[in-house]
Every structure is written in structure tokens, then in C-alpha cells.
Amino acid sequence: MRSSAVVSGALALLLLVLVAAGWPPLLSLDRSVSEALHESAVAEPGFTRLNRILTDWVWDPWTMRALIAAAVVTLWWRRERRPALWLAGTSLVAAGVQQGVKAALGRERPSWPDPVDSAQYAAFPSGHALTATVSCGLLLWVLALHWRATWRGWSVLTVVAVVSVLGVGWTRVYLGVHWTSDVVAGWLLGWSLVAVAIITYRRSGGNRGGEGGLGSDRRRMGETH
């Protein structure tokens, strides 16, 4: 987990530096991919409409935050205060990091004479991609600690999470509101934040048990099976 956090964070930082420096090969690749996908989006209004529904409703950052909020409330109701606060805190940190990097870099979004969608604020990193990665990663982590050993639907949830994270990135580039590097940076930075959250939770004693803790919950599961 530590190496995953370091590698993803380092790659996200590298992308940020390359974008800030205006590295021609990266900018050229971004432009080529966006132009090809925008041409398809204009030519296929039905598919474009589907992508807008997915990005604006199913995988919207507020949808993801609502899922996190539901998980926080559930954990709090179960008297598992530490993981509840950890989920809430990590989500808030992710939002802050996202907005901070956007403001610091100020990268412009793709501009089209015939846009099929619109978005506000700076482009880098993709807020949709980062929020989906953080939310899905944290939810899978909490669910794994509670029910992975006993619930047969775990693999289905994992597939849904992966499809959501990759899918929302696709919609942002396809609809012409983000460059490919924005989305990749969102994925990398989001996963780095998830990994750091899990590492710090473990080091803070979050898995050692205690009343209402995830560790004690897992031990109770082991005693009953």
C-alpha cells in the first residue's frame, strides 16, 4: 500500500509539472485524443446524451459524496466513530486538494466551436475522476473490512467501482470538458489519497480493535464462522 501511494502520488506530481511546463508531446497527445473524441461526440448525439446522463447524474461528484455521506452516517449509527470520521475527513481533504491544485495551475479546458457540454473552473485535475476514485476506493475499503469474507457479492461491487472510476474519466474526455491528462491525474491523485488514508488509519490504531472499531468487528465475524 505504501509503494502504491508513493508511485501514484509521484506520477500525479510528474503530470502536474509537465502540464505546468507545457511539455509539447503531452499537450499534443491531449489535443489529438480530444479532437478525435469530440468529432465522434458531435456525430453521435444519442451516445453523447447517454454520456451526459452518466457524468451529470450517475457518476457526478455530488452523487459520490452522497454515497460517502450515507456510509459515514451508517458507521456513526453503528458507533464506529473513527472510520466514520476518517471517511468524512479524507473526502474533505480530497475536495480541498482538488480545488487547490486547480486554482494553483489554472489550466484551461478544451474549447470548441460546437461544444456538446460545458464545465466550470480549471481543468487540472479532473474533479469527477478524483472524486470517483476517492469515493469508490474508500467505500470498497470499508466494505472489505466488514463483509468481504462473508459476502459473495464483493466481486460485483469491485467491478461496479472500477467501471465507475474508468467510466467517468471517459465521459469527461468524450464530452470535451477535460484533457486526457486531467483525468489520469485525477485517478492517480485520488488513489494516492485513498492509499494514504488507509495507511494512516492503520498506523493510528484503527485496526487494533476496541469497542465499536473495525478490528473488533472483524474478530466477531471470525468467532461466528
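Look above for the structure.
Residues numbered from 1 in each chain as written. Predicted model: local features only at pLDDT ≥ 70, side-chain atom pairs only at ≥ 80, totals over all residues. Heavy atoms only, no water.

Engineer: What's the story with the layout of surface pockets in this structure? I'm lost.
Structural biologist: Think of a ball as big as a water molecule: rolled over the atoms, this probe shows where empty space is left. Approximately 400 Å³ is the volume found for the largest pocket. In terms of lining residues, the largest pocket is bounded by 20 residues, among which P61, Q98, Q120, Y121 and H128 are the most central. Listing elements by their share of the lining of the largest pocket, those giving two or more residues are α4 (61-77), α5 (81-105) and α6 (127-147). When residues of the lining of the largest pocket are assigned to their parent elements, the largest contribution, four residues, is made by α5. Classifying every residue of the lining of the largest pocket gives five nonpolar, eight polar and seven charged. Here the second largest pocket defines a volume of roughly 340 Å³. Listed by contribution, the elements that provide at least two residues to the lining of the second largest pocket are α6, α7 (154-174) and α8 (180-203). Broken down by element, the residue count for the lining of the second largest pocket peaks at six residues, all from α6. In the lining of the second largest pocket, the residues fall into 13 nonpolar, two polar and one charged. (1 Å grid on protein atoms, 1.4 Å probe; cavity = no way out; pocket = protein on both sides within 12 Å on 5 of 7 lines; lining within 4 Å. Points joined across faces, edges and corners; volume = space filled by probe spheres on them. Helix = DSSP H or I, 4+ residues; strand = E, 2+ residues; numbered from the N terminus. Nonpolar A, V, L, I, M, F, W, Y, C, P; charged D, E, K, R; others polar.)

Engineer: Where do I start with the nonpolar core in this structure?
Structural biologist: When a protein is soluble and globular, its nonpolar side chains tend to lie buried together. L15, L87, F124, L130, V134, L138 and W141 are the most contacted members of the largest nonpolar core, which has 28 residues in total. Only α1 (2-21), α4, α5, α6 and α8 provide two or more residues apiece to this core. For this core, the element with the most residues is α8, which contributes eight residues. (Core = buried A, V, L, I, M, F, W, Y, C linked by side-chain atoms within 4.5 Å. Buried < 20%, exposed > 50% of the residue type's maximum accessible area, 1.4 Å probe, protein only.)

Engineer: Teacher, can you tell me more about α8 here?
Structural biologist: An α-helical segment advances 3.6 residues per turn. Residues three or four places apart therefore align on the same side. In a regular helix each residue adds 1.5 Å, so 24 residues correspond to 34 Å; α8 covers 35 Å between its end C-alpha atoms and thus fits that length. After α8 finishes, the residue G205 shows a positive phi value of roughly 95°. (Expected span 1.5 Å × (residues − 1).)

Engineer: Which parts of the structure should I look at to understand the packing of α7 against α8?
Structural biologist: Helix-helix packing is characterised by the crossing angle of the two axes and by the distance between the axes. Relative to each other, α7 and α8 sit at 155°, their axes nearing to 9 Å. Between α7 and α8, the angle falls in the class roughly antiparallel. By crossing handedness, the relation of α7 to α8 is classed as right-handed. Of the residues in α8, those in contact with V165, L166, G169, R172 and V173 of α7 are T180, V183 and W187. A class-by-class count of the residues in the contact of α7 with α8 yields five nonpolar, two polar and one charged. (Axes fitted to C-alpha atoms, helices over the stretch in contact; angles between N-to-C directions. Parallel < 35°, antiparallel > 145°, perpendicular 65-115°, else oblique. Left-handed = near helix turned anticlockwise from the far one by under 90°. Contact = heavy atoms within 4.5 Å.)

Engineer: Help me out: how do you make sense of unusual backbone geometry in this one?
Structural biologist: Backbone phi values are negative for most residues with the exception of glycine, while trans is the configuration of most peptide bonds. The residue after F124, namely P125, is reached through a cis peptide bond having omega -5°. Its location among the elements puts P125 in the loop between α5 and α6. Its identity as a non-glycine residue notwithstanding, R79 has a phi of 65°, on the positive side. Inspection of the secondary structure puts R79 in the loop between α4 and α5. Phi is positive for Y121, which is not a glycine, with a value near 70°. Along the chain, Y121 turns up in the loop between α5 and α6.

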